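Each chain, letter by letter, is given below.
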Amino acid sequence: MLIKKILKTSPTAEIMEVKGWVRTRRDAKDLSFIEINDGSCLKNLQVVAQGDMDNFESLVRKLTTGCAVRFTGRLAASPAKGQDVEFQAESVEVYGWAPAESYPLQKKRHSFEFLRDIPHLRPRTNSIGAVMRIRGQLVTAVNRFFEEEDFVQIHTPVISTSDCEGAGEMFIVTTPGAGEGEPPCAPYFFGRPAGLTVSGQLEAEAYAMALGRVYTFGPTFRAENSHTSRHLAEFWMVEPEMAFCDLREDIDLAEKFLKFLIADVLDNCHEDLELFTKFVDKGLRHRLEAVTGRAFTRTTYSEAVEILENSGKKFEYPISWGSDLQAEHERFLSEEIFGGPTVVTDYPASIKPFYMRLNDEGKTVAAMDVLFPSIGEIIGGSQREDRYEVLEKRMAAQNIDPAAYQWYLDLRRYGSAPHAGFGLGFERLLQFVTGMTNIRDVIAFPRTAGRA
Ligand code: ATP
Ligand code: MG
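Residues numbered from 1 in each chain as written. Chains lettered and ligands numbered in written order. Predicted model: local features only at pLDDT ≥ 70, side-chain atom pairs only at ≥ 80, totals over all residues. Heavy atoms only, no water.

**As for the overall build of the chain**
Regarding its fold elements, the chain presents twelve helices and 15 strands. The principal-axis extents of the C-alpha atoms in the chain amount to approximately 85 × 60 × 45 Å. Burial analysis of the chain (452 residues in total) assigns 50% to the buried set. Excluding contacts between residues fewer than 6 apart, the proportion of contacts in the chain whose partners are at least 24 apart in sequence is 68%. Accessible surface, the chain as shown: approximately 21,400 Å² in total, 53% of it carbon and sulfur. Within the chain, one finds 52 positive and 65 negative side-chain charges whose respective centroids are separated by 6 Å. (Helix = DSSP H or I, 4+ residues; strand = E, 2+ residues; numbered from the N terminus. Buried < 20%, exposed > 50% of the residue type's maximum accessible area, 1.4 Å probe, protein only. Contact = heavy atoms within 4.5 Å. Areas by Shrake-Rupley, 256 points an atom, 1.4 Å probe, with all protein chains shown as cover. Lys, Arg positive; Asp, Glu negative; His and termini not counted. Charge placed at Lys NZ, Arg CZ, Asp CG, Glu CD.)

This is the structure we're talking about:
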């Protein structure tokens, strides 16, 4: 039985078995206490091994942190504080030892920096284990939300021939001999340049224009050479796309979605959240409840810039109309000015991609970013340009070769309709939910510039 279940079971005379990894062993004169954990929950099960049991000296007294073990025995009421039950061992089997001289994880707390050097072992720590259980919970919550909202999940390609944000951020996909040999494999394996996807949006649009409401949830790659605590070279993005939808409805969905996800974690991850509240961020629970409990503030880019200009605050990057908001501005707005999640809309067309719908005054686009306290941008979205001629002009203005985007223009040529969508950075959400300050600590095997 999993420890998660055992801890909720009443003491019983039945013989049962438990398997897990030793966290600590403490010895008394004629008995040992072994804390074991199997990953099913944060809490350990305390196993009590009496000196007269078989293999007590040869096995039990040699157990160290990290050993994989199996005990059989009985569940009894525990006299100790902080636990209802303990496991009284009758037999022990050791699956695998973990020599203390070399095993890097010992009983003390390790820094997250240290743990990043042993990404294959760090899931055995309380903190990374808790992050990953919450991550798993959120994956199912994402899918549940879209099921309830009648969306169809689409798997958009990982290898992509369209670059949605600008060639600079794309990883090129090729083969060692791609420059030689005969076509179609030369000079490009796919007959044309290809790269790892920076967003599934354009492809999702094609499916939204047929199935109405779709979403993608997959790995996304950006060759960002920025060593920030909020950028990875490989991250996961959730991207819904809706036909017959304008910017306001898009924002409504984003707000409902974020509230749903955070409420789900608050409801289902008590124990793991408590760990982060205790060791990472005292105000965590309060911050999460604040998101679910109030409407997101909505403001335009122009209003936001005016507020920032008049704030009297010195920013590292000066701000004026026409320049993009930096993380420091985004955080200042959501933390100091609006005191909670904030949606900024209608950015200058010049700083946003060609596919965002041009507003009537011709200077701004129907874009929206959701800004969260301590994170900055967590969602970026927009209503898409659905008018063929306007889209063509925007592409020309941004030096985008229309030949490469004929299929995308076709979506406007045939049966075009208003549509909108957004992208949620899944790891940024996890950072917010756990309070973890570095994005490298909320993904299993982080990939960043210079490091994989
Ligand atoms: P930023 O300005 O923070 O780099 P962006 O404007 O490039 O973000 P979008 O292209 O709008 O971001 O992508 C949608 C979402 O994906 C963002 O709101 C963010 O949550 C997430 N995201 C973007 N880049 C990264 C990255 N390198 N690592 C992790 N998450 C990212
Ligand atoms: Mg970026």
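**Some details on the sheet that holds strand β2 (residues 31-37)**
Within the closed barrel, the five strands sit side by side as β1-β2-β3-β5-β4. Their pairing is mixed. Going from strand to strand, the sheet's axes swing by 55° on average, the running direction of each strand aside. In the sheet, strand β4 (residues 68-77) pairs with strand β5 (residues 85-96) via ten bridges, with the strands oriented antiparallel. Across the sheet, F71 pairs through a bridge with V92, a residue of β5. (Pairing = 2+ DSSP bridges. Axes fitted to C-alpha atoms, helices over the stretch in contact; angles between N-to-C directions.)

**Points about the environment of I251**
When you line up the elements, I251 lands in helix α5 (residues 247-268). Given a relative accessible area of 5%, I251 falls into the buried group.

**Structural notes on the packing of aromatic side chains**
Two aromatic rings, taken as a pair, are described by how far apart their centres are and by the angle between their planes. For the coordinates displayed, the defined rule picks out 20 aromatic pairs. Ring plane angle 65° and centroid distance 5.0 Å describe the contact between F217 and F426, whose orientation is recorded as edge-to-face. A residue pair is termed long-range when its members are at least 10 positions apart, and F217 in strand β9 (residues 213-221) and F426 in helix α12 (residues 426-434) qualify at 209 residues. The class of F217 is buried, set by a relative accessible area of 12%. F426 gets classed as buried once you look at its relative accessible area, which sits at 0%. Residues F315 and F332 carry aromatic rings whose centres are separated by 5.4 Å and whose planes lie at 85° to one another, so their mutual orientation is edge-to-face. One end of the pair, F315, is in the loop between α8 (301-309) and α9 (327-337); the other, F332, is in helix α9, with 17 residues separating them in the sequence. Of the residues examined, F332 reaches a relative accessible area of 11% and is grouped as buried. Among the aromatic side chains, those forming a connected cluster through ring pairs are F145, F146, F151, Y215, F257, F260 and F422. The lysine or arginine in question, K352, covers the ring of Y347, its NZ or CZ lying 4.3 Å from the ring centre. Directly above the aromatic system of Y408 lies the positively charged group of R412, at a separation of 4.1 Å from the ring centroid. (Phe/Tyr/Trp six-rings, centres within 6.5 Å; stacked < 30°, edge-to-face > 60°. Lys NZ or Arg CZ within 6 Å of the ring centre and 35° of its normal.)

**A closer look at the site of ligand 1**
Around ligand 1 lies a shell of 16 residues, among which R222, E224, H231, E377 and I378 are the nearest. Contacts to ligand 1 include R230, whose side-chain N or O atom sits 3.0 Å from an oxygen atom. In the environment of ligand 1, an oxygen atom lies 2.7 Å from a nitrogen or oxygen atom belonging to the side chain of E377. Protein burial of ligand 1: of its 590 Å² of free accessible surface, 85% is covered by the chains. For the shell around ligand 1, the secondary-structure elements that each account for two or more residues are β10 (234-243), β14 (376-383) and β15 (419-425). A per-element tally of the shell around ligand 1 places β14 first, with four residues. Counted by class, the shell around ligand 1 contains six nonpolar, four polar and six charged residues. (Near = heavy atom within 4 Å. Polar contact = N/O pair within 3.5 Å; in protein donor to acceptor, adjacent residues only side chain to side chain. Nonpolar A, V, L, I, M, F, W, Y, C, P; charged D, E, K, R; others polar.)

**Comments concerning unusual backbone geometry**
We note that D150 has phi near 65°; this positive angle belongs to a residue other than glycine. Mapped onto the elements of the fold, D150 is located in the loop between α3 (126-148) and β6 (152-153). One non-glycine residue, D346, lies in positive phi territory at about 60°. Along the chain, the position of D346 falls in strand β12 (residues 342-348).

**Here's the deal with the nonpolar core**
The biggest cluster of nonpolar side chains holds 56 residues, and the ones touching the most others in it are V370 and F372. With ten residues, the top contributor of residues to this core is α5. Sequence-distant contacts of F372, defined by excluding residues within four places in its chain, comprise L258, I262, V291, F296, S334, P341, I378 and F432. One finds F332, A349, Y355 and V390 within the second-largest nonpolar core, a separate group that totals 29 residues. (Core = buried A, V, L, I, M, F, W, Y, C linked by side-chain atoms within 4.5 Å.)

**Notes on the sheet that holds β14**
Judged by pairing direction, the sheet is mixed, and its eight strands sit side by side in the order β6-β9-β10-β15-β14-β13-β12-β11 without closing on themselves. In this open sheet, the two edge strands, each paired with only one partner strand, are β6 and β11 (297-300). With nine bridges connecting them, β9 and β10 associate as antiparallel partners. Following the sheet pairing, V214 is matched in β10 by E241. The sheet contacts of α3 involve β6, β9 and β10, and relative to β9 the element is tilted by about 150°.

**Side note on the pairing of β10**
Along β10, eight of the ten residues are buried, which leaves the element largely enclosed by surrounding structure. Direction of pairing for β10 relative to β15: antiparallel, over a ladder of five bridges. Across the sheet, residue M237 finds its bridge partner in β15, namely G425.

**Digging into the side chain of S160**
You can see S160 is positioned in strand β7 (residues 159-160). Its relative accessible area of 1% is what places S160 among the buried residues. With residues near it in sequence (within four places) discarded, S160 still touches M170, A194, G195, T197 and E203.

**Things to note about the side chain of D346**
Despite its burial, D346 remains without a salt bridge, the nearest opposite charge being carried by R357 at 9.5 Å. A polar contact is formed between the side chain of D346 and the side chain of N359, at a distance of 2.8 Å. Beyond its immediate sequence surroundings of up to four residues, D346 is in contact with L247, T300, Y301, N359, T364, V365, A366 and A367. (Salt bridge = Lys/Arg side-chain N within 4 Å of Asp/Glu carboxyl O.)

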